[in-house]
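This is what each chain is made of:
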Amino acid sequence: LTLLEKMGRASVASQLLAQLVQVLNETHTACTDEWVAKFGKLDEAYRKAVEADKALEDEERDRLGRLHLQLLRSAVKWSDNLGTVRYGHQDLHELLGRQCWRMAQIYQEEDEQDAKDAAAHRPT
């Protein structure tokens, strides 16, 4: 969390977060409300770090967004396997859904910009 909040190192943090979910699975750590709350804090810090880093190119920002999707999918699967709620904890599903929505918005904006660019280059 400190890596994200104080240093804004989203690319390094994404690798560590993926390892976290792997460790939780391998050690058969139960999905508790405490762990879900931690994922909520990590999600928020990660998104803020990515948004705050103005040096990130669009391709890198997109890659980090897709990595975050993978992390959240893995967290939902972990909560399904080692939690008390079938199909995973609702709060983790909400985090995943919000990230899916953000990514869809980004892709839609890119598609709209591509369409505008293509229209501007068409002969009249």
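Residues numbered from 1 in each chain as written. Predicted model: local features only at pLDDT ≥ 70, side-chain atom pairs only at ≥ 80, totals over all residues. Heavy atoms only, no water.

### Comments concerning the overall build of the protein chain
- Secondary structure summary: the protein chain contains 5 helices and 0 strands in total.
- Scanning the protein chain from its N terminus toward the C terminus, one meets helices and strands in the order α-α-α-α-α.
- With respect to the three principal axes, the spread of C-alpha positions in the protein chain is 65 × 35 × 20 Å.
- Buried positions account for 28% of the 124 residues belonging to the protein chain.
- Considering only contacts in the protein chain between residues 6 or more positions apart, those separated by 24 or more positions represent 64%.
- Just so you have it, the protein chain exposes about 8,500 Å², and 52% of that area is on carbon and sulfur atoms.
- In the protein chain, which carries 17 positive and 22 negative side-chain charges, the distance between the mean positions of the two groups comes to 3 Å. (Helix = DSSP H or I, 4+ residues; strand = E, 2+ residues; numbered from the N terminus. Buried < 20%, exposed > 50% of the residue type's maximum accessible area, 1.4 Å probe, protein only. Contact = heavy atoms within 4.5 Å. Areas by Shrake-Rupley, 256 points an atom, 1.4 Å probe, with all protein chains shown as cover. Lys, Arg positive; Asp, Glu negative; His and termini not counted. Charge placed at Lys NZ, Arg CZ, Asp CG, Glu CD.)

### Re the nonpolar core
- Formed by 26 residues in total, the largest nonpolar core has its most connected members in Phe39, Tyr46, Trp78 and Leu92.
- Mapped onto this core, the elements with two or more residues apiece are α2 (10–26), α3 (33–52), α4 (58–82) and α5 (90–121).
- Excluding its chain neighbours within four sequence positions, the residues that come into contact with Leu92 are Val36, Phe39, Ala75, Val76, Trp78 and Ser79. (Core = buried A, V, L, I, M, F, W, Y, C linked by side-chain atoms within 4.5 Å.)

### Considerations on the environment of Ala10
- Secondary-structure assignment places Ala10 in helix α2.
- Counting along the chain gives 36 residues from Ala10 to Tyr46, while the straight-line C-alpha distance between them is 6.0 Å.
- Aside from chain neighbours lying at most four places away, what touches Ala10 is Leu4, Tyr46, Ala49, Val50 and Leu64.

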